[in-house]
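Here's the letter readout for the chains.
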Amino acid sequence: MVLLRARVAALLGLLPVALAATRHFDLTIENGLVSPDGFEREGVLANGTFPGPVFAVSKGDSVVIPLHNKLNNPDMRRSTSIHWHGFFQARTSGMDGPAFVNQCPIAPNSTFVYEFSTAGQTGNFWYHSHLSTQYCDGLRGAFVVYDPNDPLKHLYDVDDAGTIITLADWYHDLAPAAQDNFFTTGVVPIPDSGLINGKGRFVGGPLVPYAVVNVERGKRYRLRIFAIACRPFFTFSVDNHNITFMEADGIEHDPVTVQNIDVYTAQRVSAILNANQPVDNYWIRAPPTGGAPAGNPNFNPDLTRAILRYKGAPNVEPTTNNTPGAKLLDEQMHPIASEHPGMLGSGPADF
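It should be emphasised that the depicted structure is a prediction, and the values quoted were computed from it without experimental measurement. (Residues numbered from 1 in each chain as written. Predicted model: local features only at pLDDT ≥ 70, side-chain atom pairs only at ≥ 80, totals over all residues. Heavy atoms only, no water.)

1. Section: the packing of aromatic side chains
(1) Moving on: Per the counting criterion, the structure on display carries 18 aromatic pairs.
(2) Moving on: Centre to centre, the rings of F50 and W170 are 4.7 Å apart; their planes meet at 35°, and the pair counts as tilted. Taken as a pair, F50 in the loop between β3 (41-46) and β4 (55-58) and W170 in strand β10 (residues 164-170) lie far apart in primary sequence, 120 residues in all. Exposure class is identical for F50 and W170. Each is buried.
(3) Moving on: Measuring from ring centre to ring centre gives 5.6 Å for W126 and Y135, while their planes differ by 80°; the resulting arrangement is edge-to-face.
(4) Moving on: Residue classification places W126 among the buried positions, given a relative accessible area of 1%. (Phe/Tyr/Trp six-rings, centres within 6.5 Å; stacked < 30°, edge-to-face > 60°. Helix = DSSP H or I, 4+ residues; strand = E, 2+ residues; numbered from the N terminus. Buried < 20%, exposed > 50% of the residue type's maximum accessible area, 1.4 Å probe, protein only.)

Structure (structure tokens):
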């Protein structure tokens, strides 16, 4: 009987691999007008949007992504490349994306096909231009690998496109000009605004409607939080709610309940929000840290907000206040036992 159970468990463990698929996406990189904080400027856009489209696949899937470079603005870089941040790319390093390291830049009016396996990795990843500072002009987005057999699935009820949250900095100056100014003055550019799900405000700017995350009272939500920023880190919290950290950079962790989490540039975390408060609207906050606001009169970190809206709440902005509480600390972060933290690999070196 014990042997039978072991064989059944082994077969079940192979199911994700057996059901793995090849997912096809199409990515056009082009210049276009964008105004995430109400200031209109040209950007480098993936399929015409900022942030770019979310790539969502399942554990074990492979992807085929033709990238068509249609960039034509002479004031911004017209070649490009994409780095798929967080994927190990074992034996597919030519698909990793850093220009002049793993590949030549993709020239304008040409196509390059990215093709790689997610190779059993799960969780939160992201993609961005890896040619100089180009991604600061807009070429960045989220990439999610769902695990149908997530060992922490019992902790949440909802995990879908509506719980994906991106945190970004935004600049009114084009990246090449800002970079040239930095080389001349040594002053690091300070963002004009911070954005949640591609929406934000700057001092004196229009009252751009904030992004809304919808929830229903009594349900638990896995928030997948991506810091797709160029420089600052963000302190993420939701007024009147605690959140339970449970994943970082594609590795699931023992749950830790806190009031706020610092999410650094390029990091990704998952945190469970229990929608257990009275039906209302609550501020989601993610003030960026990095660069003194006094250095850019447009920048007020506190304007980096979104709205958590309970089903049945009116369509108005929240009036809630932030009461700081426990912050997630590095020493509290412990990968779950099935990740075998600290175990050395036994396979051959990756080339």
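Additional details are given in the paragraphs that follow.
2. Thoughts on the state of the cysteines
(1) Moving on: For the structure on display, the rule yields one disulfide.
(2) Moving on: At a sulfur-sulfur separation of 2.2 Å, the disulfide partner of C136 is C230. One end of the pair, C136, is in the loop between β8 (123-129) and β9 (140-146); the other, C230, is in the loop between β13 (220-227) and β14 (233-238), and 94 residues separate them in sequence. (Disulfide = S-S within 2.5 Å.)

3. Topic: the pattern of salt bridges
(1) Moving on: Applying the stated criterion across every chain yields a total of 15 salt bridges.
(2) Moving on: Close ionic contact of R224 with D159 constitutes a salt bridge, the shortest N to O distance being 2.9 Å. Placement of the pair is R224 in strand β13 and D159 in the loop between β9 and β10, with a sequence separation of 65 residues.
(3) Moving on: Of the residues examined, R224 reaches a relative accessible area of 2% and is grouped as buried.
(4) Moving on: The partner of E317 in a salt bridge is R201, and the shortest N-O contact between them spans 2.6 Å. (Salt bridge = Lys/Arg side-chain N within 4 Å of Asp/Glu carboxyl O.)

4. A look at the sheet that holds strand β15 (residues 243-248)
(1) Moving on: Within the open sheet, the six strands sit side by side as β11-β10-β13-β18-β15-β16. Their pairing is mixed. Since the sheet does not close on itself, it has two edges, and those belong to β11 (193-196) and β16 (251-258), each with one partner. Each adjacent strand pair in this sheet contributes to an overall mean axis angle of 25°, direction not counted.
(2) Moving on: Bridge count for β15 against strand β18 (residues 268-274) is five bridges, and the pairing is antiparallel. Across the sheet, A248 pairs through a bridge with V269, a residue of β18. (Pairing = 2+ DSSP bridges. Axes fitted to C-alpha atoms, helices over the stretch in contact; angles between N-to-C directions.)

5. As for the sheet that holds β4
(1) Moving on: Here four strands make up an open sheet; going across it, the order is β4-β9-β8-β6 and the pairing mixed. Because the sheet does not close on itself, it has two edges, and the strands there are β4 and β6 (82-85). Across the sheet, the axes of successive neighbouring strands diverge by a mean angle of 20°, strand direction being ignored.
(2) Moving on: Two elements, β4 and β9, share four bridges in a ladder whose sense is parallel. What sits directly across from A56, in β9, is V144.

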